[in-house]
Amino acid sequence: MLVLCSRSRLTSSLIRRLKDQIANVSNHRSFATSEGHRLAIVNKRSLDILQDPWFNKGTAFSMTERDRLDLRGLLPPNVMTTEQQIERFTADLRVLELTTKDGPSDTYDLAKWRILNRLHDRNETMFFKVLIENIAEYAPIVSTPTVGLVCQKFSGLYRRPRGMYFSSDDRGEMMSMVYNWPAEQVDMIVVTDGSRILGLGDLGVHGIGVAIGKLDLYVAAAGINPQRVLPVMIDVGTNNEDLLKNPLYLGLQKKRLDGEEYLAVMDEFMEAVFTRWPNVIVQFEDIQNKWALTLLQRYRHKYRTFNVDVQGTSGVAIAGLLGAVRAQGRPMIDFPKQKIVVAGAGSSGVGVLNAARKTMARMLGNDESAFDRARSQFWVVDDKGLITEKRANLDPEVQPFAWKENEISLQGLNEGAKLVEVVRQVKPDVLLGLSAYGGLFSKEVLEALKDSTSTRPAIFAMSNPTKNAECTPEEAFSIVGDHVVYASGSPFKDVDLGNGKIGHVNQGNNMYLFPGIGLGVLLSGSRIISDSMFQAAAERLAGYMTDEEVINGVIYPSISRIRDITKEVAAAVIKEAIEEDLAEGYRDMDARELQKLNEEQILEYIEKNMWNPEYPTLVYKKR
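Each value, and the rule that gives it
- Residues numbered from 1 in each chain as written.
- Predicted model: local features only at pLDDT ≥ 70, side-chain atom pairs only at ≥ 80, totals over all residues.
- Heavy atoms only, no water.
- Domains from an automatic or database assignment.
- Contact = heavy atoms within 4.5 Å.
- Buried area = accessible area lost by both parts, 1.4 Å probe.
- Salt bridge = Lys/Arg side-chain N within 4 Å of Asp/Glu carboxyl O.
- UniProt positions renumbered as here; feature names shortened; annotations may be inferred.
- Helix = DSSP H or I, 4+ residues; strand = E, 2+ residues; numbered from the N terminus.
- Buried < 20%, exposed > 50% of the residue type's maximum accessible area, 1.4 Å probe, protein only.
- Phe/Tyr/Trp six-rings, centres within 6.5 Å; stacked < 30°, edge-to-face > 60°.
- Lys NZ or Arg CZ within 6 Å of the ring centre and 35° of its normal.
- Core = buried A, V, L, I, M, F, W, Y, C linked by side-chain atoms within 4.5 Å.
- Pairing = 2+ DSSP bridges.

## Some words on the domain arrangement of the chain
Item 1. Looking at the chain, the domain boundaries give domain 1 (39–80), domain 2 (83–307), domain 3 (312–508) and domain 4 (512–609).
Item 2. On a C-alpha basis, the centres of domain 3 and domain 4 stand 27 Å from each other.
Item 3. The partner domain 4 presents 20 residues to the 26 residues of domain 3 that form the contact.
Item 4. Summing the contributions of domain 3 and of domain 4, the shared interface buries around 1800 Å²; its carbon and sulfur component is 58%.
Item 5. Inspection of the region where domain 3 meets domain 4 yields three salt bridges.
Item 6. One salt bridge in this structure joins Asp531 and Lys358, with 2.7 Å as the shortest N-O distance.

## Regarding the UniProt feature "domain: Malic enzyme NAD-binding" (unreviewed entry) in the chain
Item 1. Those places that UniProt annotates as "domain: Malic enzyme NAD-binding" (unreviewed entry) correspond, in this numbering, to residues 310–578.
Item 2. Summarising residues 310–578: 43% helix, 12% strand, and an end-to-end C-alpha distance of 24 Å.

## Structural notes on the pattern of salt bridges
Item 1. Using the criterion set out here, one finds 38 salt bridges in the structure.
Item 2. We note a salt bridge from Asp52 to Lys44, for which the minimum N-O separation is 3.1 Å.
Item 3. Asp52 gets classed as buried once you look at its relative accessible area, which sits at 2%.
Item 4. Taking the relative accessible area as the measure of exposure, Lys44 reaches 25% and is therefore partly exposed.
Item 5. In this structure, Asp531 engages Arg300 in a salt bridge whose closest nitrogen and oxygen atoms are separated by 2.9 Å. Placement of the pair is Asp531 in helix H23 (residues 531–542) and Arg300 in the loop between helix H14 (289–299) and strand S6 (305–307), with a sequence separation of 231 residues.
Item 6. Its relative accessible area of 33% is what places Asp531 among the partly exposed residues.
Item 7. Through salt bridges that share partners, Arg540, Glu568, Lys575 and Glu599 make up one connected network.

## Examining the packing of aromatic side chains
Item 1. The final tally for this structure, using the stated rule, is 14 aromatic pairs.
Item 2. Relative to Tyr303, the ring of Tyr299 has its centre 6.1 Å away and its plane inclined at 45°; by these criteria the two rings are tilted.
Item 3. Judged by relative accessible area, which is 3%, Tyr299 ranks as buried.
Item 4. By relative accessible area, Tyr303 is classed as buried at 10%.
Item 5. One aromatic cluster in this structure is built from Phe274, Phe284, Tyr299 and Tyr303.
Item 6. Its end group placed over the ring of Phe401, Arg357 keeps NZ or CZ at 5.6 Å from the ring centre.

## Points about the UniProt feature "domain: Malic enzyme N-terminal" (unreviewed entry) in the chain
Item 1. With numbering aligned to this structure, UniProt lists the feature "domain: Malic enzyme N-terminal" (unreviewed entry) at residues 120–300.
Item 2. Across residues 120–300, the secondary structure splits into 47% helix and 11% strand, with the terminal C-alpha atoms separated by 33 Å.

## Section: the nonpolar core
Item 1. Counting 151 residues, the largest nonpolar core has Ile189, Phe269 and Phe460 as its most contacted members.
Item 2. With residues near it in sequence (within four places) discarded, Phe269 still touches Phe166, Met174, Ile189, Val191, Val232 and Ile234.
Item 3. In terms of nonpolar packing, the next biggest core, distinct from the first, is built from 31 residues, Leu386, Ala417, Ile479 and Val505 among them.

## Some words on the pairing of strand S8 (residues 378–382)
Item 1. Counting buried residues in S8 gives four out of five residues, a clear majority hidden from the surface.
Item 2. Summarising the sheet, strand S7 (residues 340–343) and S8 pair through four bridges and their orientation is parallel. If you follow Ala343 over to S8, its bridge partner there is Val381.
Item 3. Where S8 meets strand S9 (residues 385–386), two bridges bridge the pair, whose relative direction is antiparallel. Residue Val381 lies in a different strand from S9, and its bridge partner there is Leu386.
Item 4. The loop that links S8 with its antiparallel partner S9 comprises two residues.

See the structure below:
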């Protein structure tokens, strides 16, 4: 009898808790709260549910759901499987991508973006299913490079709100504004101020297209629940004269804020989002060089935040540089012996320099002497030429890599030496481009690289978009030779070298790292994102390729394997968080339990917490 009473009380308590949860759900927009197979409670029916992209299934609603949600008669009678839906969409896409052009300036890629965006607007689950199953084809459409064209045309392409806009006119209101977003949980925010969109410059409010595209990749690659991501635009004005004069421009038509005023807006935004969502991760994207490092240093020790251009790009570059060492048939530990000429000293260039130096130093013993020795492996060239200590108004971030005049003169070089002179004298193992200057690696520069002391010199033309690449793969292979290792920031096709040989193009896309970084930080519960996490992620990515692949010049894996790559990177981040005693756990996995997991169990834990695009079972609950 006592047992029965105890069970009765337990059951009543459970029922009360479930009723409370349902009541809470009915008071706001419903969101799925677990990955994989799930049930979602919705407070709408009929046409309203068909117009909600989060819960719309289109022709895949079962007959029982059609009855339950008052959909019978509003849809064709044949219930389609998701496979049939994808087949119908793909067949239409192949035809429509040739017929939806709005004019001669509308490329096929932009036509594909339009069609995918329309699917995203009406059926989010199907959109991500299509994206995941065709990731190699569609990642360049939803993100780089097509997103650059989307941002340029954003005012004309804007149809449906996606994400949030915080402007300098909203000062004093941001703490209340964040509650306008319907999700009770947000795991990932990607935010930009539109000041440096790819290599296109200041695009103002149009830059939100980049944040939207990056979060699409977070969902596809890392399995972050799409109902728990938030693209954000911080509109502090624009210095783009065309936008300031354009009557159809959607943003603030005033000059861009600077100095303390700019920082005040960013401070208020960060405080607001972390007040409502204390566990959110904020990724800064395409922030102009003058603010990128400042914002990173300002917030990284207080909030879970990182800058993908500074840290993500550098991590992918390090993975590629380590892969280039492997492609020479040498162990990665030989990396500190590489001579690297770096073209570009902006935020991305400095980020790569610092990360590469730390990697070398760690391999050399990780002491002060190791850091000093690592510095001597880099020659940095900007638009004024080789950087030495003689340079006036030298950026403090670049100072550690400035050669002393007496040291550099022994190499036959001096302050301001042109890139071709530096390559000719140094004979580098790696020519690394982060300049955002298309064609910088001219025929003359590439000819000079032919005298490299490396058995297999590497060329990293990492600037985006495609037109800003320092050289094309055809130029690299035809001028330097078949043995060169080539990597770029934007996608290029492999090069047919003749006689059955292929010149492999390795796209150093930061997509290889940032989804895994975000997922690893989320699942570890780390309160900050350390440099060592990026280091661990880069090394895991570099070791992902087989020996046979790297010997053939393949130093980055196929994007089609991105979900598996992301799991590996996330595992490396989680292990590093545990090692640094930063992990605090996630959901029902506390820090102590997390520490007990072996490598295989960590990967299983990650897999379990990745969202998959499967339609939830919908249950109607009246408000």
